[in-house]
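Examination of the molecular architecture
As a plain string of letters, each chain reads:
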Amino acid sequence: MADADAAADQNSGGGGDDHETPVDHETPVDHATRVDHATRVDHLMDGLRAFGANYTEFTRRFATWLGLHSTDAAALVEILYAEDQGAPLSPARLSERVSLSSGATAILLKRLEQAGHIVRTRESADRRVVTLRSSPDIRPRAEAFFGPYAERMAEAMSAYSPQEIQRFEDFIGRLRSTMDALLADEYRDGGPRA
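Below: a short report on this structure. (Residues numbered from 1 in each chain as written. Predicted model: local features only at pLDDT ≥ 70, side-chain atom pairs only at ≥ 80, totals over all residues. Heavy atoms only, no water.)

Points about helix α3 (residues 70-84)
Short version of the rule: Only runs of H or I of at least four residues qualify as helices and only runs of E of at least two qualify as strands under DSSP, and these elements are numbered from the N terminus. In a helix, the anticipated span is given by 1.5 Å times the number of residues less one. Each residue's exposure class comes from its accessible area (1.4 Å probe, protein chains only) as a fraction of the maximum for that residue type: buried when under 20%, exposed when over 50%, partly exposed otherwise.
Its 15 residues give α3 an end-to-end C-alpha distance of 21 Å, which sits within 8% of 21 Å, the value for a rise of 1.5 Å per residue. Of all the positions in α3, only Asp72, Ala73, Ala75, Leu76, Val77, Ile79, Leu80, Ala82 and Glu83 are classed as buried. Gly86 sits one or two residues past α3 and shows a positive phi near 75°.

Right under this line is the structure:
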């Protein structure tokens, strides 16, 4: 990973060395701006990685709190979140969200169902479609666990204007679609295509 970051820095003109040689026909001001931009991008990517790691740690602690395996807790969080968004998941969609095969997802769902954390319903006009719902018992526990998280995140976000939030949303959306495209194309078979 460090080699990839170093290669990306080298390609972007970064590399962490603020004293690199300006490219031909570049003024010192242009050079400083380019180096400053590369440094800010590096810091932003570090922040996104750290946020992702922290979110994963919240999910791990939620798992421990409920006595679940971390993968089961991650799936439960996805089911709860999808319900909150008004778009409950099917088993196939959950499988995509947690990056498990359909067989592994079926086993995971059986464990969550047996533990009383989820229920499977048939809400669609097409009775073959299964919808995943959290059980009435798990929602209050999830709200108790994630309540302080939600409050602190809302407080942090309140420092930004609606226009700034829209720009962040656009930025994150572009990063997400880029990652989705990479995973669907170059990394479809597990690693980059040669």
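Observations regarding the packing of aromatic side chains
Keep this limit in mind: By convention, a stacked pair of Phe, Tyr or Trp rings (six-membered ring in the case of Trp) has centres within 6.5 Å and planes under 30 degrees apart, an edge-to-face pair has planes over 60 apart, and any other such pair is tilted. For a lysine, the NZ atom is tested; for an arginine, the CZ atom; a charge sits over a ring if that atom is within 6 Å of the ring centre and within 35 degrees of the ring normal.
As enumerated under the stated definition, the model contains nine aromatic pairs in all. Between Tyr55 and Tyr149, the ring centres sit 6.0 Å apart and the planes meet at 65°, which makes this aromatic pair edge-to-face. Remark: Tyr149 occurs in helix α6 (residues 138-157) and Tyr55 occurs in helix α2 (residues 28-66); sequence separation between them is 94 residues. Exposure remark for Tyr149: the relative accessible area of 19% places this residue in the buried category. Seen in terms of ring centroids, Tyr160 and Phe168 are 5.2 Å apart; in terms of plane orientation they differ by 75°. Their pairing is edge-to-face. For Tyr160, a relative accessible area of 40% gives the class partly exposed. Over the ring of Trp65 we find Arg141; its NZ or CZ atom is 6.0 Å from the centre of that ring.

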